[in-house]
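Each chain, written out:
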Amino acid sequence: MALQALRSSGVAFRKILSHFPDELSLAFAYGSGVFRQAGPNSDQKNAMLDFVFTVDDPVAWHSKNLKKNRSHYSFLKVLGPRIISSIQTNYGAGVYYNPLITCDGRLIKYGVISTSVLVEDLLNWNNLYVAGRLQKPVKIVAMSENVILRSALDKNLRSAATAAFLMLPESFSEEDLFVEIAGLSYSGDFRMVIGEEKSKVLNIVKPNIAHFRELYSSILQESPQVVYKSQQGRLEIDKSPEGQFTQLMALPKTLQQQINRIMDPPGKNRDVEETLLQVAHDPDCGDVVRLGLSAIVRASSVRQSAKGIFTAGKIPGDRGLPVTVGLGGVGALD
C-alpha cells in the first residue's frame, strides 16, 4: 500500500503516543510541524504537532483517556465518555479534537475518530475531512493489521488521483497533479479567503514533491488511462468521453451523488449513471466535479467548525476560530 511508504520511525512521535491509551487502529501526524512548508508556516521547530487517532471503540478509548488526560478536554468532560463519543460520531465530520495540549514539551492537538467512520469517509467521501488529510503526506506512527482499513486507505488515494484527473487537461506535470490533489479538501471550505487556497496548497506541495510521489507513483504507473513519464515528471490522461465516463464511475459514491444533484433537472429524477454519462460528454466536466467536491467540503467544514466551539474550550487569538476547525482547512494544514 502506498501509504506505508511514509511510515514514521520517529522516537518523538512514539513518545507522545505513549501518553495515550494504546487501543489505536491508526495514528498519524501531519501538518507543518511534521512536513516542511513554504511561506509563513515554514518554522517547523515551533509549529504545533497535529495528530489523528483512529479507535475501534470510542467510548472505551475516551473513558481511558479521561482517566489519563482529563485536563485535555473542554467542559464536555463532565458529561462523560458516552456523550463525548456521541458528539464525536454524530456531529460535525466524525472527529473529536482536543487542542492546545502540551505534551513532552511540544504543543499538540489531536483528533479522535471511529475506525468505522473513517473507513466510510475514505471509501465514500461523506465528509472529505480525515479522508482529505490522508490524500496528502502523513507520518504513520501506529497502524493495526485491519485489512479493511488498509484497503480503504489505498482506495482513498486512488479516488483522489481520479478526481484530479477529471479537473486537469490532457497533459500536465506531476506538480499540477499534486496541487490538484492537495486542494481537493479545500474546495468550498468557507474558511478559506479567496486567493488563499492556491497559495496555501502550493506551500504544502512544493517542498514535498518527493513525498507526494511516494504516495502516488505506483497508482499512476498502474492506471491504464495514464501515460506517466516519470523521468520528465509529465503525465497524459485519456480525456475522451469514454475515458472520462470510466473515471466518473470510479469516483466515491457521495461525490457521484452530488454531481447528480447538480446536473439533474427538476422533475427528471435520472439515475446517477445516466447523469455521469452526460457529464462525461460535457466540455465543463472538470468544473462539475469541482462543484460536487465543494458541496461536500462546504457542509462538513461548517458542521465541524460549529462543533469545535464546544470541544475546543479555547480559541487562539491569532485566528478567531477554534483550532479544532481541523483537517480540511485553515487549522490543519498550517
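What counts, and where the lines are drawn
- Residues numbered from 1 in each chain as written.
- Predicted model: local features only at pLDDT ≥ 70, side-chain atom pairs only at ≥ 80, totals over all residues.
- Heavy atoms only, no water.
- Buried < 20%, exposed > 50% of the residue type's maximum accessible area, 1.4 Å probe, protein only.
- Helix = DSSP H or I, 4+ residues; strand = E, 2+ residues; numbered from the N terminus.
- Pairing = 2+ DSSP bridges.
- pLDDT = per-residue confidence, 0-100.
- Contact = heavy atoms within 4.5 Å.
- Axes fitted to C-alpha atoms, helices over the stretch in contact; angles between N-to-C directions.
- Left-handed = near helix turned anticlockwise from the far one by under 90°.
- Nonpolar A, V, L, I, M, F, W, Y, C, P; charged D, E, K, R; others polar.
- 1 Å grid on protein atoms, 1.4 Å probe; cavity = no way out; pocket = protein on both sides within 12 Å on 5 of 7 lines; lining within 4 Å.
- Points joined across faces, edges and corners; volume = space filled by probe spheres on them.
- Salt bridge = Lys/Arg side-chain N within 4 Å of Asp/Glu carboxyl O.

So, the pairing of strand β4 (residues 106-114)
Okay, step 1: Counting buried positions over the 9 residues of β4 gives 7, a clear majority of the element.
Okay, step 2: Pairing analysis gives 7 bridges linking strand β2 (residues 49-55) to β4, with the strands arranged parallel. Directly across from Thr-54, in β4, lies its bridge partner Ile-113.
Okay, step 3: Where strand β3 (residues 95-103) and β4 come together, 7 bridges link them in antiparallel fashion. Of the residues in β4, the one forming a bridge with Tyr-96 is Val-112.
Okay, step 4: Where β3 hands over to β4, the hairpin turn is made up of 2 residues, of which Asp-104 adopts a positive phi near 50 degrees.

Focus on the confidence of the model for the protein chain
When pLDDT drops low, the exact placement of atoms in the prediction is not to be read closely.
Okay, step 1: Per-residue confidence for the protein chain gives a mean pLDDT of 86, with 82% of residues at or over 70.
Okay, step 2: Contacts from residues 4-9, a stretch scored under 50 in pLDDT, to residues over four places away or in other chains number 17 contacts.
Okay, step 3: Note on residues 314-334: pLDDT under 50 across the span, and 70 contacts to partners over four residues away in sequence or across chains.

Here's the deal with the packing of helix α6 (residues 147-167) against helix α10 (residues 241-249)
Okay, step 1: Remark: α6 packs on α10, axes separated minimally by 9 Å, with the N-to-C direction vectors making an angle of 145 degrees. In this structure, α6 meets α10 at a crossing whose hand is left-handed. Counting all contacts with α6, which are made through Thr-162, Phe-165 and Leu-166, the residues of α10 involved are Gln-244, Gln-247 and Leu-248.
Okay, step 2: Split into classes, the residues belonging to the contact of α6 with α10 amount to 3 nonpolar, 3 polar and no charged.

Regarding the pairing of β2
Okay, step 1: Among the 7 residues of β2, 7 are classified as buried, and the element is accordingly described as predominantly covered.
Okay, step 2: The alternating pattern of β2 places Leu-49, Phe-51, Phe-53 and Val-55 on one face and Asp-50, Val-52 and Thr-54 on the opposite face, and all of these are buried.
Okay, step 3: Bridge analysis of strand β1 (residues 26-30) against β2 gives 5 bridges, and the strand direction is antiparallel. Note on β2: the bridge partner recorded for Ala-29 is Phe-51.

Thoughts on the layout of surface pockets
Okay, step 1: Of the voids in this model, the second largest pocket is the one considered here, and its volume is about 250 Å³.
Okay, step 2: Of all the secondary-structure elements, those providing two or more residues to the lining of the second largest pocket are α6, α9 (209-222) and α10.
Okay, step 3: With 6 residues, α6 is the single largest residue contributor to the lining of the second largest pocket.

Topic: the pattern of salt bridges
Okay, step 1: Across all of its chains, the model carries 10 salt bridges by this definition.
Okay, step 2: Two residues, Arg-158 and Glu-222, come together in a salt bridge whose shortest N-O distance is 3.2 Å. You can see Arg-158 sitting in helix α6 and its partner Glu-222 sitting in helix α9, a full 64 residues away along the chain.
Okay, step 3: A relative accessible area of 30% means that Arg-158 is categorised as partly exposed.
Okay, step 4: Owing to a relative accessible area of 51%, Glu-222 belongs among the exposed residues under this scheme.
Okay, step 5: Here Glu-180 makes a salt bridge to Arg-290, at a shortest N to O gap of 2.9 Å. Here Arg-290 lies in helix α13 (residues 285-312) and Glu-180 lies in helix α7 (residues 174-182), a separation of 110 residues in the sequence.

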